[in-house]
Amino acid sequence: MLEEIEKIVLFLLEQQGLLAMRLSSLGEEQDALSQQLTEAKVAELQEQYRAAGQDLLRLLAFVEINAIGLRKILKKFDKRFGYKFTDYYVKTRANHPHSQLKQVFKQVGIVAVAGAIFRNLAELEDHKESYISIYDQLDLSYQDPVIDSIKAALNRLSNSTNFLQFLGKHAMLLEDGLSDPAENNVDERYNFMSLLLNLVNTFLYMVNTYIIVPTADNYTMSLGAAATVCGIVIGAMPVAQVFSSVYFSSWSNRSYMQPLVFSSIILVVGNTLYALAYDLKSITVLLVGRLFCGLGSARAVNRRYITDCVPLRLRMQASAGFVSASALGMACGPALACVFQRNFKISFITFNEDTLPGWAMALAWLIFLVWLCICFKEPSSVIPSEAYTGKTAILILENGCTQPLLLSKDGKQECADQECDDDDNDDGGQSKRSRKPVNSIMLAYKLLTPSVKVQLFVYFMLKYAMEIVLAESSIITGYYFVWSTTNVAVFLACLGLTVLPVNIIVGNYLSNLFEERQLLLASEIMLCIGVIMSFHTLIPYSVPQYVCSALITFVSAEILEGVNLSLLSRVMSSRLSRGTFNGGLLSTEAGTIARVIADGTITLSGYLGESKLLNVTLLPSLFICVYAIIATCFTYNSLY
C-alpha cells in the first residue's frame, strides 16, 4: 500500500506543478496587459482560468476517489482483524515529518492553486466592471460556478461543515459526485417559480399535518368517541402517506406538475371532509378526510424536483430551503390553532376551533392549486440524467494518465466510490457495478449495509419518540394540568421553533468540534434521558417536569435527526440518489411508519385509561431507544 500511496502523491504533485505553471503563465499575461485590458481580453482570460478550475476539479476528484479507496482498505483491515488499525495508522502518519498522507488528506498545494484561481477571477471581474477609479477595491466575494464547485469539493474532502450544508443534508438528496456533465441540461429544466411552489407545497403540508394536534382530542370527543381516538385521527395521515410516497415518487419519473395538481385536489377534498365531519356527526368522515390528506403527500415530488431540476450550484440552498420550509410548517401548524378560537354558523355549517383548521387548509390548498396551474413550468425533460458517480474513478487528466489506488488481480479497478457497498463482500472486489437508478424495493434493500440499516432504525426511533410527545400532548396536559387548547398550541409552537436554532448550533459549531458518530451517540443518550424523565412515578406529575422532559426529548430528537441524516447521506449508496426508491423515500418511509405505530400505540393504550396513558406509551419508546443505542455501539466503528 505504501508504494501505491507514493504513486498517488507523486502523480498529484506532478499535476499540481502543471497547474501552477499554467496559472503562472496566465498571471504573467494578465500583468503584461494590465494597462490595456479590453472586455474581450478579460472574458478570454476568465475562460482560461475557468478551464484551469475544471482541471483542478478533476484533480480533486482523483484525490477524493483515492482517499475513499484508502479509507475502505483500512476499514477492511479493521473488519477482518478485529483491531482498530485505522486509528493507529492515521495517528502515526498524519503529522509525521515525511508523511505522504498529508498530500492526500490535507491538500495544502491544491488549496494554494484554488486560491490563485479565485483571486484572479475576482480581479478580472473587478476590471470588467470598472476602469474608472484606482481606489476601487477588489471584490473577493465574487462568485463563479467553478469557484462554488471547487469550494464544495474542498469542503467535502476536509469534512468541514456549515449550517447550510448541515441543514441541506436533512433532505436526503444524495450527491452523485464532484461534477455533473449534464449540468447544462439541468439549467434548462430549472425554474425559480417552480422551485418556490415545491417549497410552498412542503410548508403547507407540514402545517396541514400539525394544525389539528391541539384540537384532535376535543374533536373526537364531540363526535362521541374517546379522547385517545385522536391517535387514530392523527395517525390516519401518515398511514396513507406510507403508500402515497411510493406512487408519487414513481409518478415524478414522468411528470412534476401532474402529481402536484393531483395532490392539491386530494388535499382540498380531504380537509373539506375533515371539517364537514362535525356537522355530519361522523367519526368515519373525519378519518376518511385525514386519509385523503395523507394520500396527497407530495414530499417525494418536492425532493425529486430539487434533485433533478435544480442546478448543482443551487442544490444545497434548495435542500436547506426544503428543510426550513418543513420546520416552519411544523411550528406554524399548532400556532395557527390559537387563531381559530371562534364559534359561529353559516347556514348548516359550523365554524369552531375543531372545524376551522380544516376549512382554512382547504382554502389554502385551493389558492395554491390556482397558483400552481398559472405559474408552474413543467421541465422540458423529466427523465433524470444518469448518475455521474463511478465515472470519476476513471479520470483522464491532461497527460492522459491515471493512477488508481485499488486494482484487482486481473487489472480491473475495484469500485472505490464512497457510496459503493462492497465493504461487506469478501470476493476481493467485483468489476464495476451498474450505476442505474434503483427502481425496485428489493434492489434498494440489497444496497443497505448493516450500518445504514441501523441508521434508518435510529431515524425510526427518533420519529417514534417525537410523535409520542406531540400527538398525546393535548391529552396529557389536559388530564394532568387542565391546559386549554391555546396553551397546548403555544407549547407545541415553541417546541417547533427550536428546530432551526438547534440546527444552527449543531451545523456551525458542534459538527466541527466532534465527529458526527459521537454526536449521534450522545444525542441518542440524551433522548433516552428525556424519555426516562417523562415517566410519572410516585411523586406528583408537575408542569416543570413535563415541559423539561418534553423539551429534552424533542431537542435531542432534532439534533439526532440532523446528525443521523447528515451521516446517512454520506454512507448510503449513491445509486439511491435517483429513481423511485431513493434515499429520501426510504428515510421518509422509516419516519412515517414510526409515526403510524406511535399513533396506534396512543389509541390502544387509551383502553387502559388516561391515568395510565403516559407510562404505557413511554415504555415502547424507552425500549426502542435503548435498542438503538446498543445497535449504534455495535456499528460505531463503521460510521465514518
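Residues numbered from 1 in each chain as written. Predicted model: local features only at pLDDT ≥ 70, side-chain atom pairs only at ≥ 80, totals over all residues. Heavy atoms only, no water.

Under the convention used in this document: UniProt positions are given in the numbering used here, feature names are shortened, and annotations may be inferred rather than shown by experiment.
By the naming in an unreviewed UniProt entry, the chain is SPX domain-containing membrane protein At4g22990-like isoform X3, taken from Cucumis melo. For the chain, the Sequence similarities (unreviewed entry) comment in UniProt is given as "Belongs to the major facilitator superfamily." Of the chain, the UniProt comment under Subcellular location (unreviewed entry) reads exactly: "Membrane".

Digging into the overall build of the chain
Our working rule: Under the scheme used here, helices are H or I runs from DSSP no shorter than 4 residues and strands are E runs no shorter than 2 residues, and both carry numbers assigned from the N terminus. Only protein chains enter the accessibility calculation, which uses a 1.4 Å probe; a residue is then buried when its area is under 20% of its type maximum, exposed when over 50%, and partly exposed in between. Areas reported here follow the Shrake-Rupley algorithm with a probe of radius 1.4 Å; residue values treat only the protein chains shown as occluding.
Counting its secondary structure elements, the chain contains 25 helices and 2 strands. Per-residue burial over the chain gives 54% buried out of 640 residues. Total accessible area computed for the chain in this model is approximately 27,300 Å², and 64% of it derives from carbon and sulfur atoms.

Some thoughts on the pattern of salt bridges
Just so we agree on the cut-off: Salt bridges are identified by distance alone: a Lys or Arg side-chain nitrogen within 4 Å of an Asp or Glu carboxyl oxygen.
Per the stated rule, a full pass over the model turns up 5 salt bridges. In this structure, the salt-bridge partner of Asp55 is Arg22, at a minimum N-O distance of 2.4 Å. Here Asp55 is found in helix H2 (residues 39-81), whereas its partner Arg22 is found in helix H1 (residues 2-32), with 33 residues between them in sequence. Here Asp55 falls in the buried class, since its relative accessible area comes to 12%. Of the residues examined, Arg22 reaches a relative accessible area of 23% and is grouped as partly exposed. A salt bridge links Arg50 to Glu47; the shortest N-O distance between them is 2.6 Å. Linking Arg50 with Glu47, this pair stays in helix H2, spanning 3 residues, or about one helical turn.

Examining a nonpolar patch on the surface
Our working definition: Surface patches are drawn from residues lacking salt bridges whose relative accessible area is over 30%; two like charges belong together within 9 Å, two nonpolar side chains (Val, Leu, Ile, Met, Phe, Trp, Tyr) within 5 Å.
On the surface, Ile525, Met526, Ile529 and Met533 cluster together into a nonpolar patch covering about 310 Å² of accessible area. Take Ile529: it is sitting in helix H22 (residues 516-534). By relative accessible area, Ile529 is classed as partly exposed at 36%.

Observations regarding H22
Note: α-helices contain 3.6 residues per turn, so residues at a spacing of three or four share the same orientation. Put simply, the rule is: Expected helix span is computed as 1.5 Å times (number of residues minus one). The contact rule is simple, with two residues in contact once any of their heavy atoms fall within 4.5 Å.
A rise of 1.5 Å per residue sets the reference length of H22, with its 19 residues, at 27 Å; its end C-alpha atoms lie 27 Å apart and thus fit the reference within 8%. Looking at H22, one finds that the buried residues are Glu516, Arg517, Leu519, Leu520, Leu521, Ser523, Glu524, Leu527, Cys528, Gly530, Val531 and Ser534. Here the buried face of H22 lies against helix H18 (450-471), helix H21 (499-513), helix H23 (543-571) and helix H25 (610-634).

A few points about the confidence of the model for the chain
If pLDDT is low for a region, its predicted coordinates should not be looked at in detail. For the record, the criterion: What pLDDT reports is the predictor's confidence in each residue, on a scale of 0 through 100.
Per-residue confidence for the chain averages 78 on the pLDDT scale, and 75% of its residues sit at or above 70. Here helix H4 (residues 101-105) stands out as the least confident element of the chain, with mean pLDDT 56; helix H16 (residues 356-375) is the most confident, with 96. Here residues 129-141 is a poorly scored stretch, pLDDT under 50, and it has 13 contacts once near neighbours within four places are set aside; other chains count.

Here's the deal with the packing of aromatic side chains
How two aromatic rings sit relative to each other is given by the distance of their centres and the angle of their planes. Just so we agree on the cut-off: Classification of ring pairs rests on two measures: the distance between centres of Phe, Tyr or Trp rings, Trp counted by its six-membered ring, which must be within 6.5 Å, and the angle between planes, read as stacked under 30 degrees, edge-to-face over 60 and tilted in between. As a reminder, the over-ring test applies to NZ of lysine and CZ of arginine, requiring each to be within 6 Å of the ring centre and within 35 degrees of the ring normal.
As enumerated under the stated definition, the model contains 24 aromatic pairs in all. With a centroid separation of 4.7 Å and an interplanar angle of 35°, the aromatic rings of Tyr247 and Phe248 are classed as tilted. Assessed through its relative accessible area of 0%, Phe248 is described here as buried. Taking 4.9 Å as the distance between ring centres and 90° as the angle between the ring planes, the aromatic pair formed by Tyr479 and Tyr480 counts as edge-to-face. Take Tyr480: its relative accessible area is 19%, and that puts it in the buried class. Between Lys281 and the ring centre of Tyr278, over which it is positioned, the NZ or CZ distance is 4.9 Å.

Some points on the environment of Tyr274
With respect to the helices and strands, Tyr274 occurs in helix H12 (residues 257-280). Residues Tyr274 and Leu287, spaced 13 residues apart in sequence, show a C-alpha to C-alpha distance of 7.5 Å. What Tyr274 contacts, discounting residues up to four positions off in sequence, is Ile212, Tyr219, Val233, Leu286, Gly289, Arg290, Asp354 and Gly358.

A word on the packing of helix H11 (residues 230-251) against helix H14 (residues 299-309)
To keep things clear, this is the line we draw: Axis geometry follows a simple rule: fit a line to the C-alpha atoms, using only the stretch in contact for helices, then measure angles between N-to-C directions, giving values from 0 to 180 degrees. Gly falls in the polar group here, along with every residue not listed as nonpolar (Ala, Val, Leu, Ile, Met, Phe, Trp, Tyr, Cys, Pro) or charged (Asp, Glu, Lys, Arg).
The contact between H11 and H14 brings their axes to 8 Å, and the two run at 35°. The segment H11 lies against H14, with Gln241, Ser245, Phe248 and Ser249 engaging Arg299, Ala300, Val301 and Arg304. Of the residues that constitute the contact of H11 with H14, the class distribution is 3 nonpolar, 3 polar and 2 charged.

Description of the nonpolar core
To keep things clear, this is the line we draw: We define a nonpolar core as any set of buried Ala, Val, Leu, Ile, Met, Phe, Trp, Tyr and Cys residues linked to one another through side-chain atoms lying within 4.5 Å.
Within the largest apolar cluster, 121 residues are counted, with the highest numbers of intra-cluster contacts made by Trp365, Met461, Leu527 and Leu576. Ranked by the residues each element gives to this core, the list is headed by H18, at 15 residues. In this structure, Leu12, Leu59, Val63 and Leu124 belong to the second largest nonpolar core, which totals 27 residues.

A word on H18
An ideal rise of 1.5 Å per residue puts 32 Å on 22 residues; H18 measures up with 31 Å between its terminal C-alpha atoms. Taken across its 22 residues, H18 has 19 buried, putting it largely inside the fold.

Describing unusual backbone geometry
Positive phi outside glycine occurs at Lys281, with the angle close to 55°. With respect to the secondary-structure elements, Lys281 resides in the loop between H12 and helix H13 (283-295). The phi dihedral of Val482 falls on the positive side, at around 55°, and the residue is not glycine. On the secondary structure map, Val482 appears in the loop between helix H19 (473-480) and helix H20 (485-497).

As for empty space enclosed by the protein
The condition that has to hold: Cavities and pockets are found on a 1 Å grid laid over the protein atoms alone: a cavity is a set of points where a 1.4 Å probe fits but cannot escape, a pocket is an open set with protein on both sides within 12 Å along at least five of seven lines, and a lining residue has an atom within 4 Å of such a point. Grid points are joined across faces, edges and corners, and a volume is the space filled by probe spheres set on the points.
Going through the model one piece at a time under the given rule, you end up with 12 cavities of 30 Å³ or more. One number sums up the size of the largest cavity: a volume of about 420 Å³. Those elements that place two or more of their residues in the lining of the largest cavity are helix H9 (192-210), H14, helix H15 (312-339), H18, H21, H23 and helix H24 (583-605). Here the lining of the largest cavity is built from residues that sort into 12 nonpolar, 9 polar and 6 charged.

Describing the environment of Lys612
One can find Lys612 in helix H25. Look at Lys612 and you get partly exposed, because its relative accessible area is 49%.

What about the environment of Ala360?
Note that Ala360 resides in helix H16. Sequence separation between Ala360 and Ala275 is 85 residues, and the spatial gap between their C-alpha atoms is 9.4 Å.

Digging into the packing of H9 against H13
To keep things clear, this is the line we draw: Small angles under 35 degrees read as roughly parallel and large ones over 145 as roughly antiparallel, with 65 to 115 read as roughly perpendicular and the rest as oblique. By convention the crossing between two helices is left-handed if the near helix lies anticlockwise of the far one by an angle smaller than a right angle, and right-handed if it lies clockwise.
Where H9 contacts H13, the axes come no closer than 11 Å and their chain directions differ by 155°. If you check the angle between H9 and H13, you find them roughly antiparallel. The chirality of how H9 crosses H13 is left-handed. Along its contact with H9, which presents Tyr205, Asn208 and Thr209, the element H13 presents Arg290, Cys293 and Gly294.

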